[in-house]
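The residues making up each chain are set out below.
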Amino acid sequence: LRVSSDTDSFEFQVSEHLRLSGVYWGACALHLLGELQSLDAAQVVSFVRSCQRGCGGFGGNLGHDAHMLYTLSAVQVLALFGALHTVDAGRVMRYVASLQRPDGSFAGDEWGEVDTRFSYCALCCASLLGKLGDIDVAAA
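Residues numbered from 1 in each chain as written. Predicted model: local features only at pLDDT ≥ 70, side-chain atom pairs only at ≥ 80, totals over all residues. Heavy atoms only, no water.

## Quick notes on the overall build of the protein chain
Then, in step 1: Of regular secondary structure, the protein chain possesses six helices and zero strands.
Then, in step 2: The C-alpha radius of gyration of the protein chain comes to 15 Å, within 12% of the 14 Å expected for a compact globule of 140 residues.
Then, in step 3: Here the protein chain holds 140 residues, and the buried ones make up 41% of them.
Then, in step 4: The long-range fraction of contacts in the protein chain, counting pairs at least 24 apart against all pairs at least 6 apart in sequence, stands at 59%.
Then, in step 5: When the accessible area of the protein chain is evaluated, it comes to approximately 7,400 Å², of which 54% is carbon and sulfur surface.
Then, in step 6: Separation between the mean location of the 9 positive side-chain charges and that of the 15 negative ones in the protein chain comes to 7 Å. (Helix = DSSP H or I, 4+ residues; strand = E, 2+ residues; numbered from the N terminus. Rg over C-alpha atoms; globule rule 2.2 N^0.38 Å. Buried < 20%, exposed > 50% of the residue type's maximum accessible area, 1.4 Å probe, protein only. Contact = heavy atoms within 4.5 Å. Areas by Shrake-Rupley, 256 points an atom, 1.4 Å probe, with all protein chains shown as cover. Lys, Arg positive; Asp, Glu negative; His and termini not counted. Charge placed at Lys NZ, Arg CZ, Asp CG, Glu CD.)

Shown next, in the form of structure tokens:
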């Protein structure tokens, strides 16, 4: 999935880490315009699935580390294309739950940055996957 064939351009290279979120943003825009079918759903789902890391979370692009932000983008894209069944929800939620801190907050990744955005992402992932019981919602 790319909007440019110039993969050597500066712009293409510096936005590499945003690819998965970019797919989500673009797909949402097309959905709002009634043009989601203009994307190749199988190709989109395949790309999203290829961004999943061994820990269960998703990176922003192929070979990138998993992060809560990109994990939510992946789940949202799969939901948009009716493809949540193609991912192991339990595996995704084990990753999400592993980032919950004792105080209920969530880190974005294994390095531990805590931000309110990550609590939102965790709750959205859990809700979309039907797995709210896998995290401590009351503490979040």
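So much for the structure itself; the text now carries on.
## With respect to helix α3 (residues 41-50)
Then, in step 1: All of the buried residues in α3 are V44, V45, F47 and V48. Buried residues of α3, viewed axially, fall in a sector of 160°; they line one side.
Then, in step 2: Buried residues along α3 sit against α2 (19-32) and α4 (68-80).
Then, in step 3: Sitting at the amino-terminal end of α3 is D40, which places a side-chain oxygen 3.1 Å from the backbone nitrogen of A42. (Arc of directions from axis to C-beta. Polar contact = N/O pair within 3.5 Å; in protein donor to acceptor, adjacent residues only side chain to side chain.)

## So, the pattern of salt bridges
Then, in step 1: Counting across every chain of the model gives two salt bridges.
Then, in step 2: Here E113 ties to R117 by a salt bridge, and the two come within 3.9 Å at their closest N and O atoms.
Then, in step 3: Looking at E113, the relative accessible area reads 46%, which means it is partly exposed.
Then, in step 4: The class for R117 is partly exposed, based on a relative accessible area of 40%. (Salt bridge = Lys/Arg side-chain N within 4 Å of Asp/Glu carboxyl O.)

## Overview of the environment of F47
Then, in step 1: Inspection of the secondary structure assignment puts F47 in helix α3.
Then, in step 2: What makes F47 buried here is its relative accessible area of 10%.
Then, in step 3: Here the alpha-carbon distance between F47 and I135, two residues 88 residues apart in the chain, equals 27 Å.

## Brief notes about the nonpolar core
Then, in step 1: With 37 residues, the main nonpolar core has L20, V48, F58, M68, V96 and F106 as its most contacted residues.
Then, in step 2: Looking at this core, the elements with two or more residues in it are α2, α3, α4, α5 (89-98) and α6 (116-128).
Then, in step 3: With seven residues, the single largest contributor to this core is α4.
Then, in step 4: V48 has contacts with L20, F58, A74, V77 and L78, leaving out every residue within four places of it along the chain. (Core = buried A, V, L, I, M, F, W, Y, C linked by side-chain atoms within 4.5 Å.)

## Observations regarding the packing of α3 against α4
Then, in step 1: Running from N to C, α3 and α4 point in directions that differ by 155°, and their axes come no closer than 10 Å. The orientation of α3 relative to α4 falls into the category roughly antiparallel. Judged by the twist between their axes, the crossing of α3 over α4 is left-handed. Taking contact as the criterion, the partners of V44, V45 and V48 in α3 are, on α4, A74, V77 and L78. (Axes fitted to C-alpha atoms, helices over the stretch in contact; angles between N-to-C directions. Parallel < 35°, antiparallel > 145°, perpendicular 65-115°, else oblique. Left-handed = near helix turned anticlockwise from the far one by under 90°.)

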